[in-house]
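Next come the chains, spelled out residue by residue.
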Amino acid sequence: MVGLKEELLKSIWHAFTALDLDRSGKVLSHNLCTVLNVPHDPVALEEHFRDDDEGPVSNQGYMPYLNKFILEKVQGNFDKVEFNRMCWTLCAKKNLSKSPLLISDEDAFKVWVIFNFLSEDKYPLIIVPEEIEYLLKKLTEAMGAGWQQEQFDHYKVALNTSREGLSAWELIDLIGNGQFSKGMDQQTVSMAINEVFNELILDVLKQGYMLKKGHKRKNWTERWFVLKPNIISYYVSEDLKDKKGDIILDGNCCVEALPDKDGKKCLFLIKCLDKSFEISASDKKKKQEWIQAIQTTVSLLRAGSPPPHKEARQKRKELRQKLLAEQEELERQMKELQTANENKQKELETVRKQLEAAAARAAEEEKKRLQTQVELQDRFSLELEREKMVRQKMEEQVAQKSSELEQYLQRVRELEEMYKQLQEALEDEKQARQDEETVRKLQARLLEEESAKRAELEKWHLQQQQTIQMTEAEKQELENQRMIKERALQVAMQQLEQLELERKEALEQYEEVKKKLETAANNTKSWKDKVAHHEGLIRLIEPGSKNPHLITNWGPAAFTEAELEQRQKSWKGKKATSE
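Note that the structure is a prediction, hence the values are computed from the model and not measured. (Residues numbered from 1 in each chain as written. Predicted model: local features only at pLDDT ≥ 70, side-chain atom pairs only at ≥ 80, totals over all residues. Heavy atoms only, no water.)

Here the distance between the centres and the angle between the planes together describe a pair of aromatic rings. The full count for this structure, using the stated rule, is 15 aromatic pairs. Members of the aromatic cluster, each reached through a chain of ring pairs, are Trp-88, Phe-109, Trp-112, Trp-169 and Phe-197. The lysine or arginine in question, Arg-313, covers the ring of Phe-117, its NZ or CZ lying 4.0 Å from the ring centre. Here the basic side chain of Arg-316 rests over the ring of Tyr-134, its NZ or CZ set 3.6 Å away from the ring centre. (Phe/Tyr/Trp six-rings, centres within 6.5 Å; stacked < 30°, edge-to-face > 60°. Lys NZ or Arg CZ within 6 Å of the ring centre and 35° of its normal.)

Read across the open sheet, the seven strands follow the order β4-β3-β2-β1-β7-β6-β5; overall the sheet is antiparallel. Edge positions in the sheet fall to β4 (243–248) and β5 (254–258), since each has one partner strand and no second. Averaged over all pairs of adjacent strands, the angle between their axes in this sheet comes to 35°, without regard to strand direction. (Pairing = 2+ DSSP bridges. Helix = DSSP H or I, 4+ residues; strand = E, 2+ residues; numbered from the N terminus. Axes fitted to C-alpha atoms, helices over the stretch in contact; angles between N-to-C directions.)

What follows deals with the packing of helix α7 (residues 129–143) against helix α10 (residues 186–200). One can describe the packing of α7 onto α10 by two numbers: an axis separation of 8 Å at closest approach and a directional angle of 120°. Overall, the two elements α7 and α10 adopt an arrangement that is oblique. Where α7 crosses over α10, the handedness of that crossing is right-handed. On α10, the residues touching Tyr-134, Leu-135, Lys-138, Leu-139, Ala-142 and Met-143 of α7 are Thr-188, Val-189, Ala-192, Ile-193, Glu-195, Val-196, Glu-199 and Leu-200. When the residues that make up the contact of α7 with α10 are grouped by side-chain class, the tally is 10 nonpolar, one polar and three charged. (Parallel < 35°, antiparallel > 145°, perpendicular 65-115°, else oblique. Left-handed = near helix turned anticlockwise from the far one by under 90°. Contact = heavy atoms within 4.5 Å. Nonpolar A, V, L, I, M, F, W, Y, C, P; charged D, E, K, R; others polar.)

Most peptide bonds take the trans configuration, and most residues that are not glycine carry a negative phi. At the junction of Tyr-123 and Pro-124, the peptide bond is cis and its omega measures out at -5° in the coordinates. By the secondary structure assignment, Pro-124 is in the loop between α6 (105–118) and α7. Phi at Asp-262 is positive, roughly 55°, even though this residue is not glycine. Of note, Asp-262 is situated in the loop between β5 and β6 (267–271). Judged by its relative accessible area of 64%, Asp-262 falls in the exposed class. Of note in this structure, Cys-266 is not a glycine but carries a positive phi near 55°. With respect to the helices, strands and loops of the structure, Cys-266 is situated in the loop between β5 and β6. (Buried < 20%, exposed > 50% of the residue type's maximum accessible area, 1.4 Å probe, protein only.)

You can see Glu-474 is positioned in helix α14 (residues 461–525). Considering only alpha carbons, one finds Glu-474 and Glu-436, 38 residues apart in sequence, at a separation of 9.8 Å.

All right, on to the nonpolar core then. Ranked by internal contacts, the top residues of the largest apolar core, which has 64 residues, are Leu-8, Leu-32, Leu-36, Phe-83, Trp-88, Trp-112 and Ile-172. Examining the composition of this core, we find that nine residues originate from one element, α6, more than from any other. When sequence neighbours within four positions are dropped, the list of residues in contact with Ile-172 reads Trp-88, Leu-96, Leu-101, Ile-103, Ala-108, Val-111 and Trp-112. Among the nonpolar cores identified, the runner-up in size contains 21 residues, and Phe-225, Leu-227, Cys-253 and Val-255 belong to it. (Core = buried A, V, L, I, M, F, W, Y, C linked by side-chain atoms within 4.5 Å.)

Here is the idea: a disulfide is a covalent bond, and it sits between the sulfur atoms of two cysteines. Inspection of every chain in the model, using the stated rule, returns zero disulfides. Cysteine Cys-253 shares no disulfide, and the gap to the nearest cysteine sulfur, in Cys-272, comes to 3.4 Å. (Disulfide = S-S within 2.5 Å.)

With that settled, the discussion passes to the pairing of strand β3 (residues 231–235). β3 sits mainly inside the fold: five of its five residues count as buried. The alternating pattern of β3 places Ile-231, Ser-233 and Tyr-235 on one face and Ile-232 and Tyr-234 on the opposite face, and all of these are buried. Where strand β2 (residues 220–228) and β3 come together, five bridges link them in antiparallel fashion. Along β3, the bridge assignment pairs Phe-225 with Tyr-234. The loop that links β2 with its antiparallel partner β3 comprises two residues. In this sheet, β4 lies alongside β3 in antiparallel orientation, the contact comprising five bridges. Bridged to Ser-233 within β4 is Asp-246.

The subject of this paragraph is the environment of Tyr-155. Here Tyr-155 is to be found in helix α8 (residues 149–162). Considering only alpha carbons, one finds Tyr-155 and Pro-129, 26 residues apart in sequence, at a separation of 9.4 Å. Excluding its chain neighbours within four sequence positions, the residues that come into contact with Tyr-155 are Leu-166, Leu-174, Gln-179 and Phe-180.

Further remarks concern α6. For α6, built from 14 residues, the straight-helix expectation of 20 Å at 1.5 Å per residue is met to within 8% by its first-to-last C-alpha distance of 20 Å. Burial analysis of α6 places 12 of its 14 residues in the buried class, which makes it a mostly covered element. Buried residues of α6: Asp-107, Ala-108, Phe-109, Lys-110, Val-111, Trp-112, Val-113, Ile-114, Phe-115, Asn-116, Phe-117 and Leu-118, and no others. (Expected span 1.5 Å × (residues − 1).)

Relative to the 21 Å expected for 15 residues at 1.5 Å per residue, α7 spans 21 Å between its end C-alpha atoms, a close match to the ideal helical length. With 11 of 15 residues buried, α7 lies mostly within the body of the structure. For α7, the set of buried residues is Pro-129, Glu-131, Ile-132, Glu-133, Tyr-134, Leu-135, Leu-136, Lys-138, Leu-139, Thr-140 and Met-143. Count one or two residues on from α7 and you reach Gly-144, which has phi positive near 75°.

Don't take any of this as a statement about function, it's just geometry.
Laid out in structure tokens, this is it:
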């Protein structure tokens, strides 16, 4: 029913688009109900078309009514030719070309019906070049002429450059102007159109005159036989006006050849479930053609396959769809390749520009490098000269600092000598204090003796007074000497503190000089190898001894531990000598 509905819709589409919009729905619906043997429903018709302003007669508004109230009720018990003729009548006058054609209106109608059968299932309807070639080949074969493939190829190329296919009216003009039937008269063309129409539209697989044996009288009568996918009809003549009977075909039927008998030749038998039919062909060739055609039809019925021309149309359509899909896939792949190629071209162009830019940058960097190298050489020369001058100045400063250091060490030695003398003075003072203590002890002892020997003391009073006076004088003298020594010690301490300050200042100056020397050494370290090539290795001068130094409360000592031991030994010797 789906295939039948699609076939009906194509003819209805032509009729609907040809009528005026304000009356197309009602007129077409009434005629369709008539030719399709569908019961009229005036109430539903008026209900659907009660308001023309909202578009019920448009394509969108009419199709729901057509599907619901007409096409869904079609049972198949209608005359297809009559249905197509009604739709043709509604659309032919408006669309058929006014120019004279080599075919009649009846032939144009048949070409129009064939167009609906072969056209694509999309609207507006067109017939593609492959189907045009198929139809023209069938017509040429029916006319008994040779097929001009080169002529059609030129026409196909011209057609493909302007459009996808032809409309029904353009196909009628193409066949009617005789472009592919030159040399053929109108009757031959008409017979060819009728033969193709019978095959494609009326499903006539084979037709012709043969003799049929009667079932009751057993006489032989000539009949016009028409073979269709599921039936063989026989008529009095080929005008199909007087039908005499049908042979219903199904999968259980069979056909077999019979030997000649009763003066009849080219016999074959069609066996069905209820009866059999004996038929005589005009010659052996016709006999074989009919047997082969009937066997093919029965085989299709057993397999449930459609008629050959419909199956061939479906295969051509599937092939076109496959080729179209392959072409679309190829176009997609070509687009992808083109896009990829364009992207590659862009990438190559970008890489080329990047390479050019990189080359330009490299040239610029090389130029800058050479310029920088020249500048570095100049700077190196200047810095080398500057380093030479700095080294000379540093050597001069080192020499000066070394001289100052020698002077400082000399002063330290002098201070040590003064310290030694001060120590000796302190030792003398200590000895004087001890002597004073001894005198005091002696005085105490004398006082005790004086108490014990008062008499003796009184005796010796004068002597004691003199002794006391002498002791006081000595004590005063000792006190004066002590005061003098203290003042000398204070002066020595002041001088020692002054020397200590000077030593600290000298140490600070020495540290500053050392830091400057280290800075100069760090600055000149990176250039030592280069300078060594020109002037040899530089030996930096560092003041001071490599032996370990002693540390005092005032900083580093001016002499080593060995020297200190020697001095201690010297002091002890002098002290022993003085005692």
